[in-house]
Amino acid sequence: MELAKIEQLLDAYFEGETNLEDEKILRDYFLNENVPTHLLQYKPIFVGLEAARKERLQKEIDLPKPETAAFTNWKYIAVAILVLSFLVGGVYFSQSNKLTPEEKEALAAFEESKKAMLLLSQNLNKGAERLTLVNQFSNAKDKVFE
């Protein structure tokens, strides 16, 4: 095989740009032929890869049986129901609708103070409107007397 082509394939191999056929050509070249001295440094790579390719595990591996999908789905459904029931129960018990007499009295006082503040706000707005009229009258007076 042409030495230039092998060197080109080696460069492509180390750049990660070869396909399986190119790698087979390189492997066959480094395993079977006399390799030039300047390429001998690459021979252990391909010899090691070939040895690794031929290795087989002699021991049998016991894999655990996977759980069935239906059983796994039931687990998730049961967990979801539990979480949902805790959430609903927590919300229900945290927001009880029973008000104590003190809370009712405080709520009524709050409503009364809210009405008073609204009335005060309306009166302040009326007074502010009148002040703008006074300001316009003052401006007109200043123009007349000048």
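Structural notes, computed from the coordinates. (Residues numbered from 1 in each chain as written. Predicted model: local features only at pLDDT ≥ 70, side-chain atom pairs only at ≥ 80, totals over all residues. Heavy atoms only, no water.)

## Description of the pattern of salt bridges
Let me state the cut-off plainly: Salt bridge, as used here: a side-chain nitrogen of Lys or Arg that lies within 4 Å of a carboxyl oxygen of Asp or Glu. Strands here mean DSSP runs of E at least two residues long; helices mean DSSP runs of H or I at least four residues long; both are numbered from the N terminus. Exposure classes here rest on a 1.4 Å probe applied to the protein chains alone. A residue is buried below 20% of its type maximum, exposed above 50%, and partly exposed in between.
For the structure shown, the criterion picks out five salt bridges. Note that R53 is salt-bridged to E50, the shortest N-O span being 2.7 Å. Here E50 and R53 lie together in helix 3 (residues 43-54), a separation of three residues that amounts to about one turn. Look at R53 and you get partly exposed, because its relative accessible area is 45%. Across the pair E50 and K54 runs a salt bridge whose closest N-O atoms are separated by 3.8 Å.

## What about the side chain of T18?
Filter applied, for reference: Two residues qualify as a contact provided that any one of their heavy atoms is within 4.5 Å of a heavy atom in the partner residue.
Summarising the element assignment, T18 is placed in the loop between helix 1 (3-15) and helix 2 (20-32). Looking at T18, the relative accessible area reads 15%, which means it is buried. Look past the residues within four positions of T18 in its chain and what remains in contact with it is L9, A12, Y13 and E23.

## Points about the nonpolar core
Just so we agree on the cut-off: Nonpolar cores are built from buried Ala, Val, Leu, Ile, Met, Phe, Trp, Tyr and Cys residues. Side-chain atoms within 4.5 Å join them into one set.
Counting nine residues, the largest nonpolar core consists of I6, L9, L10, L26, Y29, F30, V35, L39 and F46. Contacts of L9, omitting those with residues within four sequence positions, involve T18, D22, I25 and L26.

## Observations concerning a nonpolar patch on the surface
Condition: Patches here: salt-bridge-free residues with over 30% relative accessible area, like charges joined within 9 Å, nonpolar side chains (Val, Leu, Ile, Met, Phe, Trp, Tyr) joined within 5 Å. Residue exposure ignores everything except the shown protein chains as possible cover, and the areas themselves are Shrake-Rupley values with a 1.4 Å probe.
Nonpolar side chains collect at one region of the surface, where F14, I45 and L49 lie side by side and expose about 260 Å² of accessible area between them. Looking at the element boundaries, I45 is found in helix 3.

## Concerning a negative patch on the surface
As a reminder of what qualifies: Counting rule for charge: Lys and Arg are taken as positive, Asp and Glu as negative, and neither His nor the chain ends is counted. The atoms used to mark charge sites are NZ of Lys, CZ of Arg, CG of Asp and CD of Glu.
A grouping of E7, D11, E15 and E17 is seen on the molecular surface, where their side chains present a negatively charged patch. Relative to the elements of secondary structure, E7 occurs in helix 1. Assessed through its relative accessible area of 30%, E7 is described here as partly exposed.

## Considering the packing of aromatic side chains
To be explicit about the condition: When two rings of Phe, Tyr or Trp (its six-membered ring) have centres within 6.5 Å they constitute a pair, described as stacked for plane angles under 30 degrees, edge-to-face for angles over 60, and tilted for the intermediate range.
Tallied over the full model, the rule gives five aromatic pairs. Ring geometry for Y13 and F46: centres 5.3 Å apart, planes at 45°, overall tilted. Within this pair, whereas Y13 is found in helix 1, its partner F46 is found in helix 3, the two being separated by 33 residues in sequence. Taking 5.4 Å as the distance between ring centres and 85° as the angle between the ring planes, the aromatic pair formed by Y29 and F30 counts as edge-to-face. For Y29, a relative accessible area of 5% translates into the label buried. F30 sits in the buried class, given a relative accessible area of 0%. Three or more aromatic residues joined by ring pairs form one cluster here, namely Y13, F14, Y29, F30, Y42 and F46.

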